[in-house]
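Working through the structure, step by step
Listed below, chain by chain, are the residues.
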Amino acid sequence: MTEIRHLTYLDAIAEALSVEMERDPNVVVLGTDVGGSFGGAFKVTKRVATQFGPRRVRNMPMTELAFIGAASGMALMGMRPVVEVQFADFISTGFDSIVQFAATTHYRWGAAVPWVIRAPSDGGIRSGPFHSQNPEAWFVHTPGLKVVAPATPADAKGMLLASIRDDNPVIYFEAKPLYRSLKGPVPDGSEAIPIGVARIAQEGDDVTIVTYGSTVHDSVQAAAELAGDGVTVEVIDLRSLKPMDTDAILESVAKTGRALVVHAANRMAGVGAEIAAFIAEEAFGHLDAPVRRLGGMDIPIPFSPPLEDTYRVSAYDIVRTVREMVAW
Amino acid sequence: MTESLDSAGKLNLAYWMRLTRTLDDALVAMWKQGRGVGGTFSGRGHEAIAVGAGYALGPDDVVAPMHRDLGCYLVRGMSPERILANQLGKEAGVTKGRDANLHGLGDLSLNIIGFVSHLPQSLPVALGAAMAFQYREEPRVALTFTGDGSSNTGLFHETLNLAAVQKAPFVLVVENNQYAYSTPLHEQMAIDDIVVRAPAHGVVGEIVDGNDVMAVYSAVAAAVARARRGDGPSLIEAKTMRMLGHAIHDGAEYVPAELLEKWQQRDPVTLWEAALVAEGALSEATLERLRGECHDEIEAAIEYAERAPLPDPATIGTGVYAT
Ligand SMILES: Cc1ncc(C[n+]2csc(CCOP(=O)(O)OP(=O)(O)O)c2C)c(N)n1
Ligand SMILES: [Mg+2]
């Protein structure tokens, strides 16, 4: 019997770590400040640090490139390391090891590199240019990686389980503004949610919004507002960016004839550009209006509240854009 | 502590070094004749390091060699056929035509980790293997190599630091061949010996003559034993000279001729053969036979590799992901 409880997004991640470390002794956590009584900058690893101790939840010196590389070595030897980068922004320090070593190894010489990097991403919490980024496009552009970005507590748990069990390097973007602000039903147990399958967050007939991460919630909020206009919006939560469930996108766009892509990352050459191009190529015949995109501005992410709020996509931006699309 | 070898072991070192030199010479000749594909590297001058270090490992130990370590792949069991087929982009190559020359020559069934071009990305990967052994309490060691040039990267220092903090069963062999591509040592660093970087991180360091295979073997065997005992990582700086260009296209005109002449007097392969002859462990006749065997083995491998089929373009997309 699967009991449904309500957990925060953060507790759902912590539970997935705990469940999988219990099941599989090859799973260890590596990261700066993840262990001991501290348990991570956001406390995501506190539960497993307490439960499993320093042998399995291992504090690393500030040597991100070295310990991300070491995760590849552990993975090659049959372990399943889960690396926490303290903020997604700092993943750039490990870039070579991720995109050159881990991503190419299976193609080049057939060895699996099953690690997960957990990257607390996204902003809106007044953290400035270096603690607010959404760098998923770099990795979606890299063959050999998988990239996921869960938006709900249930997905946060189920997709972390799937990511750890996956035989490939997976970058798991967790939206840190959701950590404690979002609560939702999370199944007990250890069932994974497959990577590469989108979720329809809300059904509708007039416009499709393709999104992921925190903007799923802005999109659902916008949809509620638009329902007042008599416009029904279908919100597709991609959940996984690489591989991407393009069938789900096509099916929805074929129904609605209008597509808006929304993400928190800056718009320029973002994942939304790929999705918009894909829709234009594959679903042009279904379109009743041009594909639109919303994302962050093409600037470093500013700190001060009025600046950051201007930078970020809001539910209001989504409502306004959908109204334009419907009127087109 | 000096680790010694019996006479069979000493002869084995001679065989592996001669086989390495024969294959290296063959690669250079083939590429000069236009029979190669893309570029290739020569490890001429590095045979004692690659073979001596590789030979010092136990069967379950893991190694992550780099682009001068042809001898290490051979001594750890990768056949000349597979290496040559790989260099010619053949389906039978280790990477099935996916990666060039010595890059990507990895095979976990041989406990060999393949490298990527970005130096020295193998360092932390080998360290991670060592951390896995430590975690599982397996008496295994991971060894990797890097060059003098690569020892200037931040990652070199990050890896040594992490290895020391973790007290990992990790051995790093620095192949100081005086140059990083065209850049001589004094333009790369303001120190005379790279080994001084080891104690700065709490890693045991030692300098060896990289052209003396017994010296390399002994130092590495001692470091491997120390790692296996749980006494932590070591760095061995093996001093040598890159005897040819950086890669096959490079005539290395920037290297002073006198420097090469000096090092040529101490060619690691003939130095060891002469030492064995002098101590009576090897007769001139046996040496002649050994050279002949190596020649025949490599000739047969070349014939195999040249005849082997190229990959089918239809396979291009397979293997990007593990399934
Ligand atoms: C990060 C990085 N930068 C540049 C290169 C290009 N490159 C390949 S080998 C090499 C020199 C390496 O010198 P060293 O580490 O001393 O090794 P050696 O080739 O002398 O054995 C350079 C610059 C590279 N492979 N990786
Ligand atoms: Mg060098």
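The shown structure was predicted, so the numbers you read here are calculated from the model rather than taken from an experiment. (Residues numbered from 1 in each chain as written. Chains lettered and ligands numbered in written order. Predicted model: local features only at pLDDT ≥ 70, side-chain atom pairs only at ≥ 80, totals over all residues. Heavy atoms only, no water.)

1. Some details on helix 4 (residues 95-109) of chain A
- For helix 4 of chain A, which comprises 15 residues, the first-to-last C-alpha distance of 20 Å matches the rise-based estimate of 21 Å (1.5 Å per residue) to within 8%.
- Elements that come into contact with the buried residues of helix 4 of chain A comprise helix 3 (64-76), strand 5 (116-121), helix 5 (136-140) and strand 7 (170-175) of chain A together with helix 5 (122-135) of chain B.
- Just beyond helix 4 of chain A, the residue with positive phi is Gly110(A), at close to 80°. (Helix = DSSP H or I, 4+ residues; strand = E, 2+ residues; numbered from the N terminus. Expected span 1.5 Å × (residues − 1). Contact = heavy atoms within 4.5 Å.)

2. Digging into the pattern of salt bridges
Residues and elements named next belong to chain A.
- One pass over the structure, following the stated rule, counts 40 salt bridges over all chains.
- Linking arginine 199 and aspartate 155 is a salt bridge whose minimum nitrogen-to-oxygen distance equals 3.6 Å. With arginine 199 in strand 9 (residues 199-202) and aspartate 155 in helix 6 (residues 153-165), the pair connects residues that are 44 residues apart, well separated along the chain.
- For aspartate 155, the salt bridge identified is with arginine 239, shortest N-O distance 2.9 Å. With a gap of 84 residues between them, aspartate 155 in helix 6 and arginine 239 in the loop between strand 11 (233-237) and strand 12 (240-242) connect regions that are remote in the sequence.
- A relative accessible area of 3% means that aspartate 155 is categorised as buried.
- A relative accessible area of 10% places arginine 239 in the buried class.
- Through salt bridges with shared partners, a single network forms among Arg5, Glu15, Arg47 and Lys157. (Salt bridge = Lys/Arg side-chain N within 4 Å of Asp/Glu carboxyl O. Buried < 20%, exposed > 50% of the residue type's maximum accessible area, 1.4 Å probe, protein only.)

3. A closer look at the coordination of the magnesium ion (ligand 2)
Residue and element names in this part refer to chain B.
- Note on the magnesium ion (ligand 2): its protein donors are Asp148 (OD), Asn177 (OD1) and Tyr179 (O). The metal-donor distances range over 2.0 to 2.2 Å.
- Summarised as a motif, the one-chain spacing of the donors to the magnesium ion (ligand 2) is D-x28-N-x1-Y. Linking aspartate 148 in the loop between strand 2 (142-147) and helix 6 (154-166) with tyrosine 179 in strand 4 (residues 179-180), this pair joins segments that are 31 residues apart in sequence.
- Judged by relative accessible area, tyrosine 179 falls into the buried class, the value being 8%. (Donors = N, O, S within 2.8 Å, 3.2 Å for Na, K, Ca; no water.)

4. Focus: the sheet that holds strand 10 (residues 207-211) of chain A
Residue and element names in this part refer to chain A.
- Taken in spatial order, the 5 strands of this open sheet run 9-11-10-13-14, and their pairing is mixed. Looking at strand neighbours, the two that pair on one side only are strand 9 and strand 14 (292-296), the edges of this open sheet. Adjacent strand axes in the sheet meet at a mean angle of 25° when their direction is disregarded.
- As judged from the 3 bridges shared by strand 9 and strand 11, these two strands associate in the antiparallel manner. Pairing of arginine 199 across the sheet is with aspartate 237, part of strand 11.
- Relative to the sheet, helix 7 (residues 215-227) contacts strand 9, strand 10, strand 11 and strand 13 (259-266), its axis offset from that of strand 11 by approximately 170°.
- Of the strands in this sheet, strand 10, strand 13 and strand 14 are in contact with helix 9 (residues 271-282), which crosses strand 13 at around 165°. (Pairing = 2+ DSSP bridges. Axes fitted to C-alpha atoms, helices over the stretch in contact; angles between N-to-C directions.)

5. Focus on the packing of aromatic side chains
All names here are of chain A.
- In this structure the tally under the stated criterion is 11 aromatic pairs over all chains.
- Aromatic pair phenylalanine 95 and phenylalanine 139: ring centres 5.7 Å apart, planes at 65°, arrangement edge-to-face. Here phenylalanine 95, found in helix 4, pairs with phenylalanine 139, found in helix 5; they are 44 residues apart in sequence, far enough to count as distant.
- The exposure class assigned to phenylalanine 95 is partly exposed, which follows from its relative accessible area of 29%.
- Seen from their ring centres, phenylalanine 139 and phenylalanine 173 are 6.3 Å apart, and the 40° between their planes marks the pair as tilted. On the criterion of sequence distance, the pair formed by phenylalanine 139 in helix 5 and phenylalanine 173 in strand 7 is long-range, its members being 34 residues apart. You'll find phenylalanine 139 and phenylalanine 173 in the same group, each marked buried.
- What links up through ring pairs into an aromatic cluster is the set Tyr9, Phe42, Phe87, Phe90 and Tyr179.
- Stacked on the ring of phenylalanine 52, the Lys or Arg arginine 56 has its end atom at 4.8 Å from the ring centre. (Phe/Tyr/Trp six-rings, centres within 6.5 Å; stacked < 30°, edge-to-face > 60°. Lys NZ or Arg CZ within 6 Å of the ring centre and 35° of its normal.)

6. Notes on the sheet that holds strand 2 of chain B
Residue and element names in this part refer to chain B.
- On the basis of which strands lie adjacent, the open sheet formed by 5 strands has the order 1-2-3-7-6 and parallel pairing. The sheet is open, and its two edges are formed by strand 1 (62-64) and strand 6 (204-209), each paired on a single side. The sheet shows a mean angle of 20° between the axes of neighbouring strands, taken without regard to direction.
- Across the sheet, helix 6 touches strand 2, strand 3 (170-176) and strand 7 (234-239), and the angle it forms with strand 3 is around 150°.
- Its contacts with the sheet place helix 8 (residues 213-229) against strand 2, strand 3, strand 6 and strand 7, and it is angled at close to 160° to strand 6.

7. Some details on the site of ligand 1
Residue and element names in this part refer to chain B.
- Near ligand 1 lie 15 residues; those nearest to it are His67, Ser117, Gly149, Ser150 and Tyr179.
- Within the contact set of ligand 1, an oxygen atom lies 2.7 Å away from a side-chain nitrogen or oxygen of histidine 67.
- Take leucine 119: an N or O atom from its main chain is 3.2 Å from a nitrogen atom of ligand 1.
- Residue composition of the shell around ligand 1, by class: 5 nonpolar, 8 polar and 2 charged. (Near = heavy atom within 4 Å. Polar contact = N/O pair within 3.5 Å; in protein donor to acceptor, adjacent residues only side chain to side chain. Nonpolar A, V, L, I, M, F, W, Y, C, P; charged D, E, K, R; others polar.)

8. Describing the packing of helix 4 (residues 80-87) of chain B against helix 11 (residues 284-307) of chain B
Residues and elements named next belong to chain B.
- Where helix 4 meets helix 11, the axes come as close as 8 Å, and the angle between the chain directions of the two elements is 45°. Our classification of the angle between helix 4 and helix 11 gives oblique. Between helix 4 and helix 11 lies a crossing whose hand is right-handed. Packed against helix 4, whose contacting residues are Pro80, Glu81, Leu84 and Ala85, the element helix 11 presents Glu297, Ile298, Ala301, Ile302, Tyr304 and Ala305 at the interface.
- Considering only residue class, the contact of helix 4 with helix 11 consists of 8 nonpolar, no polar and 2 charged. (Parallel < 35°, antiparallel > 145°, perpendicular 65-115°, else oblique. Left-handed = near helix turned anticlockwise from the far one by under 90°.)

9. Here we look at the domain arrangement of chain A
Residue and element names in this part refer to chain A.
- We note that the domain assignment places domain 1 (7-187) and domain 2 (199-327) within chain A.
- Of note, the centres of domain 1 and domain 2, computed from C-alpha atoms alone, are 26 Å apart.
- With 30 residues of domain 1 in contact, the opposing surface of domain 2 contributes 23 residues.
- When the two sides are added together, the surface that domain 1 and domain 2 hide from each other amounts to roughly 2,100 Å², 58% of it contributed by carbon and sulfur.
- Considering only the surface of domain 1 that becomes buried against domain 2, Arg126, Val140 and Ala149 emerge as the three largest contributors, covering 27% of it. (Domains from an automatic or database assignment. Buried area = accessible area lost by both parts, 1.4 Å probe.)

10. Focus on the interface of chain B and chain A
- Counting from both sides, the interface comprises 41 residues of chain B and, opposite them, 42 residues of chain A.
- If you sort the residues of chain B by the area they bury against chain A, Tyr135(B), Tyr321(B) and Ala322(B) come out on top, with a joint share of 23%.
- At the boundary of chain B and chain A, one finds 1 salt bridge.
- Here Asp99(B) and Arg108(A) are joined by a salt bridge, their closest N and O atoms 2.8 Å apart.
- Put simply, chain B and chain A have 19 residue pairs in polar contact (both at pLDDT 80 or more) between them.

11. With respect to the packing of helix 1 (residues 7-32) of chain B against helix 2 (residues 47-55) of chain B
Residues and elements named next belong to chain B.
- Across the interface, helix 1 lies against helix 2 with an axial gap of 10 Å and an inter-helix angle of 135°. Between helix 1 and helix 2, the angle falls in the class oblique. Regarding helix 1 and helix 2, the two cross each other, and that crossing is right-handed. Residues Gly9, Asn12, Leu13, Trp16, Met17, Thr20 and Arg21 of helix 1 form the contact with helix 2, whose participating residues are Glu47, Ala48, Val51 and Tyr55.
- Along the lines of polarity and charge, the residues of the contact of helix 1 with helix 2 split into 6 nonpolar, 3 polar and 2 charged.

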